[in-house]
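# Report on the structure
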Amino acid sequence: MPTFPVNTPHPYPVTIEKGLLHTVGERLLPLHPPCRAAVLADETVFPLYGPAVMQSLEGAGYRPTRLSLPAGEAGKTWEVLGGLLERLAEEGLTRGDLLVVLGGGSACDVGGLAAALYHRGMDVAYAATTLLAGVDAAIGGKTAVDLPAGKNLAGVIRQPLAVFIDPDCLATLPEAALAAGMAEAVKTGVLAGEELWPLVAAPEPDYFDVLCGCAAYKAAVVSQEEQDAGIRFSLNLGHTVGHAVERHSGYTISHGEAVAIGLATMARAGAALGWCEPIAAERIKTALKRRGLPLCYRCKPEELLPYLWADKKRQGEELTVVLPHRIGYCSLRRMKEPQLLRLLREGL
């Protein structure tokens, strides 16, 4: 039972184990006494895993109730967030109660933000059911909803009580969802270097090993730096272009696919402009291609530039971008509009 501690001011464990969802209740007991427990999941996830989690909570003395939200990016809106807060109030939950988010990255984003806002903060635990959430989104305390002006523009960093990752859930995921998760895993491998890279770049990856390796790396990074500044900022590799692609496509391209496009764009631009070793750029593209992920996005660079410029990482007239140099080494660079446009022209 691999467990990775996230040593922030409010430390918590990330636990990975097959069948873990059937024991969520007993694993929460040392962390939070029995109370009302709202289980938040979308209409696809709840029928698969909700009953087991509810039964586990009941068996441990919690009093569970179910809350629903739309699946995917459609659930990350002010309207959904407001409705979720209203439901928590209607159910009579208090600050001393618990929210258990069951699902993928989008559910963790909006559920975590709701928990941070309700009564100025109630405890939340994440039970990740997707590869993307397990390797990245559920760990680190980032919460957010989207605004019309941009993705993830409204949110806070607030750590959960615990993160539970059950690899058995991956068996119910379609290939596209597994590939989306592997885009985030490849990103992590580029950052972590040769110890993790062979796991995420393998022709047939072992998902349990991928989950453990990526979770261990992100837990260590967040333990070192809770806020987005230096080393943690590097976890945005591929996301600046990726988020722009998501928005330009009207979210018809999934987050994982967009991250893959962002990674490939940065690799191509880096090789062309001299900051990325050509062999590293090829390794990144090959790893993504093996998962059937898209490497290109067809649009004019000038069309995508405004979406980059609306990114939350912009400060004044500059946007901080994560540049891959080789497997295991990336750096941060501030860029202005002309530099970003050149990056897009070379990378897209």
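Report follows, based on the coordinates.

Reading the values: the criteria
Residues numbered from 1 in each chain as written. Predicted model: local features only at pLDDT ≥ 70, side-chain atom pairs only at ≥ 80, totals over all residues. Heavy atoms only, no water. Buried < 20%, exposed > 50% of the residue type's maximum accessible area, 1.4 Å probe, protein only. Helix = DSSP H or I, 4+ residues; strand = E, 2+ residues; numbered from the N terminus. Pairing = 2+ DSSP bridges. Phe/Tyr/Trp six-rings, centres within 6.5 Å; stacked < 30°, edge-to-face > 60°. Lys NZ or Arg CZ within 6 Å of the ring centre and 35° of its normal. Axes fitted to C-alpha atoms, helices over the stretch in contact; angles between N-to-C directions. Contact = heavy atoms within 4.5 Å. Expected span 1.5 Å × (residues − 1). Right-handed = clockwise from strand over helix to strand, strands pointing away. Parallel < 35°, antiparallel > 145°, perpendicular 65-115°, else oblique. Left-handed = near helix turned anticlockwise from the far one by under 90°.

## Observations concerning the pairing of strand E5 (residues 98-103)
- Burial within E5 is extensive, with six of its six residues counted as buried.
- Here E5 shows two buried faces, one formed by Leu 98, Val 100 and Leu 102 and the other by Leu 99, Val 101 and Gly 103.
- The pairing of strand E3 (residues 36-41) with E5 spans four bridges and is parallel. Each residue of the ladder has a partner; that of Leu 40, found in E5, is Val 101.
- Bridging between E5 and strand E6 (residues 123-128) involves six bridges; their strand directions are parallel. Each residue of the ladder has a partner; that of Val 100, found in E6, is Ala 125.

## Regarding the packing of aromatic side chains
- A full pass over the atoms with the stated rule returns zero aromatic pairs.
- Its guanidinium or amino end placed over the ring of Phe 46, Arg 66 lies 3.9 Å from that ring's centre, counting from NZ or CZ.

## Quick notes on the sheet that holds strand E2 (residues 12-16)
- Taken in spatial order, the seven strands line up as E1-E2-E9-E6-E5-E3-E4 in an open sheet, and their pairing is mixed. Of all the strands in the sheet, just strand E1 (3-6) and strand E4 (63-68) have a single pairing partner and so form its edges. Here the average twist between neighbouring strands, direction ignored, is 20 degrees.
- Those strands touched by helix H4 (residues 105-117) are E3, E5 and E6, and its axis lies near 170 degrees from that of E5.

## As for helix H6 (residues 175-192)
- Between its terminal C-alpha atoms H6 stretches 25 Å, which fits the 26 Å expected from 18 residues at 1.5 Å a residue.
- The buried count for H6 comes to 14 of 18 residues, which makes it a mostly enclosed element.
- At the C-terminal side of H6, Gly 193 shows a positive phi close to 100 degrees.

## Looking at the pairing of E4
- Note: E3 against E4, six bridges, orientation parallel. Bridging across to E4, Leu 40 finds its partner in Leu 67.
- Regarding the hand of the β-α-β motif, the stretch spanning E3, helix H2 (residues 45-59) and E4 is right-handed.

## Quick word on the packing of helix H10 (residues 255-273) against helix H11 (residues 278-290)
- The contact between H10 and H11 brings their axes to 9 Å, and the two run at 160 degrees. When the interaxial angle is binned, H10 and H11 end up roughly antiparallel. In the crossing of H10 with H11, the sense of the turn from one axis to the other is left-handed. For the pair formed by H10 and H11, the contact residues are Ala 260, Leu 263, Ala 264, Ala 267, Arg 268 and Ala 271 on the first element and Pro 278, Ala 281, Ile 284, Lys 285 and Leu 288 on the second.

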